[in-house]
Every structure is written in structure tokens, then in C-alpha cells.
Amino acid sequence: MADSAGTQSGQNGPFDVVILGGGSGGYACALRAAQLGMKVALVEKGELGGTCLHRGCIPTKALLHAAEVADSSRESEQFGVRTSFEGIDMPAVNAYKDGVVARLYKGLQGLVKSRKITFVEGMGRLVSPTAVEVDGQRYEGKYVVLATGSYAKSLPGLDIDGSQVITSDQALRLDRVPASVVVLGGGVIGCEFASVWKSFGAEVTIVEALPHLVPLEDEQSSKMLERAFRKRKIAFELGARFSGVEKTEGGVKVSLENGKTIEAELLLVAVGRGPTSQELGYEQVGVEMERGFVKVDEHCQTNVPTISAVGDLIPTLQLAHVGFGEGIMVAERLGGLEPAPIDYDGVPRVTYSEPEVASVGITESRAKEKYGDDGIETLTYDLAGNGKSQILKTAGFVKLVRQKDGPVVGIHMVGSRVGELVAEAQLIYGWEAYPDDVASLVHAHPTQTEAVGEAHLALAGKPLHAHG
Ligand SMILES: Cc1cc2nc3c(=O)[nH]c(=O)nc-3n(C[C@H](O)[C@H](O)[C@H](O)COP(=O)(O)OP(=O)(O)OC[C@H]3O[C@@H](n4cnc5c(N)ncnc54)[C@H](O)[C@@H]3O)c2cc1C
């Protein structure tokens, strides 16, 4: 056993909690459990921090920031600033990205150590309702938490070769800007990479089988993103199913079921993520599974009372902050507290492309299903009326969905930087605020948050910078 971040080497129990997987869900659970005085073992086969820190949220957002800097320098004349854009130095971009990851990784390792968590490096396997085995060593705990995360999926017959046909894992390590890319999948990950590569100078085509990009978002948000991507000359094929890929001298030739073919240097496969749950002993110990996901109740407890599961391994939203929330909730439950279940509709969702798409609560179509066509009201406030958005030269909107004569149940936003507005939107949704409640709050001028305020003023029947 290696014990790089823990207390004493050789310490293998008994523990209060043994956590399998040190990604967002697992380490959040470990940190909170330790805070509550529990004795914790955290087992990780790769790097503490998991997908989010090393192959997900953080490195992609660093690339997106570099992309924003590239756009700013290319478009600076619009603001009267003369610069010359000379190109992307990909090794230097990667050094910047890796530096951010390295600093956060070091900080996280320090945090785990400071909370006296026993960190076990190695491949773990569930061997009983209360034990995990790593390299022949058994770690016993009163409770076990499964947090083994997810992997990038592919389609049947579509082999990832890691050079011409890649997933986000390889895309984050590319040492060059490809001349052209086909992105298979127009969800969050696909749209973010499409946005980065376009800003870096690549020709990009997204292929999405469903009728819209970011198909889980409100349809109005998807359409607004599509309009913005069209303007940026990011091509996309919607409602188009992939039928095959051939390797060519220059890269790949992708065929669609509609008969079209697209040639490019690379194919990025971004068709979703599957749970990492195979051959880890879960079924043998009797943990109930569904399509590879571990089944849990609203408190993330499995059918085996001593075993809980969190993060991408369970069929909830695959987001780092959902993993954090679930990990904390489980730690508190195991620590004898009574945490409330998570309201998954109240979890903010952000696609960090240019422009950004952000939302909380339910879409207009779900609100109609829930309250009836006549049971809701919506209002869309155009960012054309928002001073700060005009200064930034961004287009988009803040859309509100409310239950008629009731609270706001959905907030949907598109535009540069709107991801930062989701914090207020989340409070509005979480507090079941009425438009009037928010309308009475004075928002700072000129900020983009004003658009949130103005939308509520308008829905409360007293629009200021909008036509009534
Ligand atoms: C490209 C990309 C961009 C993303 N961007 C965002 C974003 O901007 N915002 C956001 O909220 N989410 C984002 N996500 C999603 C986010 O990364 C995941 O939701 C999150 O990492 C899930 O956390 P987790 O703990 O469930 O799993 P993971 O982070 O995958 O962690 C699981 C850990 O378990 C370890 N493990 C697995 N099996 C074993 C074993 N047998 N023994 C020991 N250890 C094991 C793995 O090595 C891994 O470290 C992104 C994902 C990707 C791929």
C-alpha cells in the first residue's frame, strides 16, 4: 500500500467510512466525513481530484479562457484597440492549463492530508458490504461509499484510436490546433470543444442526433446558441445520425445516415459518459444496478444499507457540483445528521461555450407538462436592453418561467458570461421567489445581473428598460 497523502502508512482500519474513488463525489464525502470526526479511508487508482480536476471542468475552462483571449485579440479593433493576432502556441496554452491544474491538485492533496484522511493509492474492489480490497489489503469500514465516476462512451462499431478518433481525454492533451474537426455530439462537452477550436482557428462541424444543440436546455436557449454558433461559422448537422467513419490520409471521413459525408483532421466523440462500474465487485456484493449505474434512494443509499454511491456513478446529473453535493449529503447522513435530499432541478447548469448557456429550474416545456399550458407564464428579456451586455457586444436573453400566480420555476440565460448570473438565479429558484420579490431588489448598474432584475420587473408588470 502507498499512502502518499494520509497519516501513517500501514493503517488499514477499521474505518468509519471507506470511499472508493477520489473524484469530486468521493473527495467531497471524505472531507466532510473527516470534518464530522469520522475516520476515513479514500481509495484512488489515479489522481486525487478525478475527472473534473484532471480531465474535465478545470482544464476545459482553462482552454475556454485561452479561447476568449484569442477572440479578444482578434476582435479588438471593434473596441478601438489595435492588436495583431499571431496565432495559438498550443504547447504554451497547455502549459498554462496544466499549471492551473497542478496548483489546484497540490492544494487538494494538502487539504486531504490536513484532514487526516488515509489516502490509499491503488485499484480498489468492493469485497463485502463493509470492505474494499486494494492490492491484497483489506480496508474495513462501518460504511462504504462508491464514487468510481464515469468514462467517455463511444458508439457501437466506433473505435477510439486516440489519434484521429478521440475523446475529450485526448482532446485535452493535443499539442496542436487541428485544421478541422467533426464533433460527434452537441451536448455540453461537444459544444465547449467546438467553441474552443473555432476560437483557435479550426473549422468545426458538430453532428447531433437530436433536433437541437444542448438538447437538455430550454429550446429557446438551444436555438439562441445555434444562432450564435452560425454567426461564428461553427457548422452543425442537427437530427443527423452518425453511420460510420473511415480513416483517410488527411484524417477522417465521417458518414451520416442522411447520406452526407464530412472530411476532417479529427473526430471528437462526445456522445456522453458511462458509469465506471464493471468488474469492481458491485454486483457480487448484491448492489442493485441499472444500465451500469448504481441505483440509490434520495439520500444516495443503495439497497445494501451500509453502501452509498455518489457522483457520475449514479443516474443523476453528471456534474462536479452534483458530486460535491451528494458526497457532502452522504457524509452528513453517515455522521448522524439529517441532511435534506438534493433538489436536482435546483442545481445550476452551465455550458461555458461562447456564448454561454446557463439555467436553473425547469424548462418551459416541462413547466407546461407540470402545470398545464395555461398554468404558466414566461418572459424573455433581451440582452439588447442591457447596458453591460451591449458594452461586451454580446447577444442573448434572460428567460423566466413562472407558475401562473406562483413562483419562478425556471431561469434560462444565453450570452457571454451569463454563467456568473446563475448564482442569483439559483437563489430565486431555491427561495421560490415571486417576480415581485425580485423586482423590489435594486440591481447594480451597469451589470449583467441587471438583466435578471429587469426580467423580474417586466414579469411583475412594471418593466423599466423593456417594452411593456
Ligand atoms: C471534458 C469534461 C468537461 C466537464 N466540465 C464540467 C464542468 O464544467 N462543470 C461540471 O460541473 N462538470 C463538468 N464535467 C463533469 C465532471 O467532471 C464530473 O461530473 C465529475 O468529475 C464526477 O465526479 P465523480 O467523483 O463522480 O467521478 P470522477 O471525477 O470520474 O472520479 C472518479 C474517481 O474514481 C477513481 N476510480 C475509479 N475506479 C476506481 C477503482 N476501482 N479504484 C480506485 N479508484 C477508482 C478514478 O480514477 C477517478 O479519479 C466535465 C466532464 C468532462 C469529461
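Scroll up to find the structure.
Reading the values: rules and limits
Residues numbered from 1 in each chain as written. Predicted model: local features only at pLDDT ≥ 70, side-chain atom pairs only at ≥ 80, totals over all residues. Heavy atoms only, no water. Helix = DSSP H or I, 4+ residues; strand = E, 2+ residues; numbered from the N terminus. Rg over C-alpha atoms; globule rule 2.2 N^0.38 Å. Buried < 20%, exposed > 50% of the residue type's maximum accessible area, 1.4 Å probe, protein only. Contact = heavy atoms within 4.5 Å. Lys, Arg positive; Asp, Glu negative; His and termini not counted. Charge placed at Lys NZ, Arg CZ, Asp CG, Glu CD. Pairing = 2+ DSSP bridges. Axes fitted to C-alpha atoms, helices over the stretch in contact; angles between N-to-C directions. Core = buried A, V, L, I, M, F, W, Y, C linked by side-chain atoms within 4.5 Å. Left-handed = near helix turned anticlockwise from the far one by under 90°. Nonpolar A, V, L, I, M, F, W, Y, C, P; charged D, E, K, R; others polar. Salt bridge = Lys/Arg side-chain N within 4 Å of Asp/Glu carboxyl O. Near = heavy atom within 4 Å. Polar contact = N/O pair within 3.5 Å; in protein donor to acceptor, adjacent residues only side chain to side chain. Areas by Shrake-Rupley, 256 points an atom, 1.4 Å probe, with all protein chains shown as cover. Arc of directions from axis to C-beta. Phe/Tyr/Trp six-rings, centres within 6.5 Å; stacked < 30°, edge-to-face > 60°. Lys NZ or Arg CZ within 6 Å of the ring centre and 35° of its normal.

## Comments concerning the overall build of the protein chain
The secondary structure content of the protein chain amounts to 13 helices and 24 strands. For the protein chain, the C-alpha radius of gyration of 24 Å lies close to 23 Å, the compact-globule estimate for 468 residues. With respect to the three principal axes, the spread of C-alpha positions in the protein chain is 65 × 60 × 45 Å. Evaluated residue by residue, the protein chain yields a buried proportion of 52% over its 468 residues. Sequence-distant contacts in the protein chain: of pairs separated by 6 or more residues, those separated by 24 or more amount to 63%. When the 45 basic and 60 acidic side-chain charges of the protein chain are each reduced to a single mean position, those positions are 2 Å apart.

## Quick word on the sheet that holds strand β24 (residues 408–415)
The strands making up a sheet associate through backbone hydrogen bonding, with each pair oriented either parallel or antiparallel. Overall, antiparallel pairing links the five strands, which are arranged β20-β21-β24-β23-β22 in an open sheet. The sheet is open, and its two edges are formed by β20 (349–351) and β22 (376–382), each paired on a single side. Each strand axis lies, on average, 10 degrees off the axis of its neighbour in the sheet, ignoring direction. Pairing between β22 and strand β23 (residues 397–403): seven bridges, direction antiparallel. Among the inter-strand pairings, Glu377 is bridged to a residue of β23, identified as Arg402. Along the sheet face, helix α9 (residues 364–371) touches β22, β23 and β24 and points at about 165 degrees away from the line of β22.

## Structural notes on the pairing of strand β14 (residues 261–264)
Alternating positions in β14 separate cleanly, Ile262 and Ala264 being buried on one face and Thr261 and Glu263 remaining unburied on the opposite face. Bridge count between strand β13 (residues 252–256) and β14: four bridges; the pairing is antiparallel. Within β14, the residue paired with Lys253 across the bridge is Glu263. Where β13 hands over to β14, the hairpin turn is made up of four residues, of which Gly259 adopts a positive phi near 95 degrees.

## Comments concerning the nonpolar core
The biggest cluster of nonpolar side chains holds 48 residues, and the ones touching the most others in it are Ile19, Leu126, Leu146 and Tyr282. A per-element tally of this core places helix α1 (residues 24–35) first, with six residues. Once you skip the residues sitting within four places of it in the chain, Ile19 turns out to touch Gly26, Cys29, Ala30, Val40, Ala41, Leu42, Val43, Val145 and Ala147. If you look at the next biggest cluster of nonpolar residues, it comprises 34 residues, including Ala66, Met90, Leu213 and Phe397.

## Some points on the packing of α1 against helix α8 (residues 320–334)
Two quantities define a packed helix pair, namely the angle between the axes and the distance from one axis to the other. Orientation of α1 relative to α8, taken along the N-to-C sense of each, is 35 degrees, at an axis distance of 7 Å. Between α1 and α8 lies a crossing whose hand is right-handed. Between α1, through Ser24, Gly25, Tyr27, Ala28, Cys29, Arg32 and Ala33, and α8, the contact on the second element is made entirely by Ala320, Gly323, Phe324, Gly327, Ile328, Val330, Ala331 and Glu332. Residues belonging to the contact of α1 with α8 are distributed by class as follows: nine nonpolar, four polar and two charged.

## Observations regarding the side chain of Arg349
Looking at the secondary structure, you find Arg349 in strand β20. An unpaired buried charge is present at Arg349: no salt bridge exists, and Glu217, the closest side chain of opposite charge, is 4.5 Å distant. Filtering out sequence-adjacent residues up to four positions away, Arg349 remains in contact with Glu217, Leu317, Leu319, Tyr344, Val357, Ala358, Ser359, Val360 and Gly361.

## What about the site of the ligand?
Inspection of the region around the ligand gives 37 residues, with Glu44, Thr51, Lys61, Asp312 and Ala320 positioned closest. One of the backbone N or O atoms of Lys45 is found 3.0 Å from a nitrogen atom in the ligand. A distance of 3.2 Å separates an oxygen atom of the ligand from a polar side-chain atom of His321. Surface burial for the ligand is 95%, taken as the share of its 1000 Å² of free accessible area covered by protein chains. Put simply, the parts of the chain that give the shell around the ligand at least two residues each are α1, β2 (40–44), α2 (50–55), α3 (57–74) and α8.

## Regarding the side chain of Glu332
Positionally, Glu332 belongs in helix α8. A polar side-chain atom of Glu332 sits 2.7 Å from a polar atom in the side chain of Arg32.

## Focus on the environment of Pro129
Inspection of the secondary structure assignment puts Pro129 in the loop between β4 (124–128) and β5 (131–134). Look at Pro129 and you get partly exposed, because its relative accessible area is 36%. In this view, Pro129 contacts Val144, Val285, Val304, Thr306 and Ile307; residues no more than four positions away in its chain are not counted.

## Comments concerning helix α11 (residues 422–430)
Considered for burial, the residues of α11 that qualify are Val422, Glu424, Ala425, Ile428 and Tyr429. Burial along α11 is one-sided: seen end-on, the buried residues are contained in an arc of 155 degrees. Within two residues after α11, Glu432 carries a phi angle of roughly 50 degrees, on the positive side.

## Points about the packing of aromatic side chains
The final tally for this structure, using the stated rule, is three aromatic pairs. When the ring of Phe193 is compared with that of Trp197, the centres are 5.4 Å apart and the planes differ by 40 degrees; the resulting orientation is tilted. Of this pair, Phe193 and Trp197 both sit in helix α6 (residues 188–200), four residues apart, roughly one helical turn. One Lys or Arg, Lys39, reaches over the ring of Phe15 and ends 5.2 Å from the middle of that ring.

## Overview of unusual backbone geometry
Excluding glycine, most residues fall at negative phi; most peptide bonds, likewise, are trans. Cis geometry is adopted by the peptide bond preceding Pro355, which originates at Glu354 and carries an omega value of 0 degrees. Backbone torsion omega between His445 and Pro446 reads -10 degrees, so that peptide bond is classified as cis. Assignment of secondary structure puts Pro446 in the loop between α12 (435–439) and α13 (449–459). Even without glycine at this site, Glu279 takes up a positive phi of about 55 degrees. Relative to the helices and strands, Glu279 is located in the loop between β16 (273–275) and β17 (289–290). Not every positive phi belongs to a glycine, and Lys393 is a case in point at roughly 60 degrees.

Spatial relationships are all this shows, so hold off on functional conclusions.
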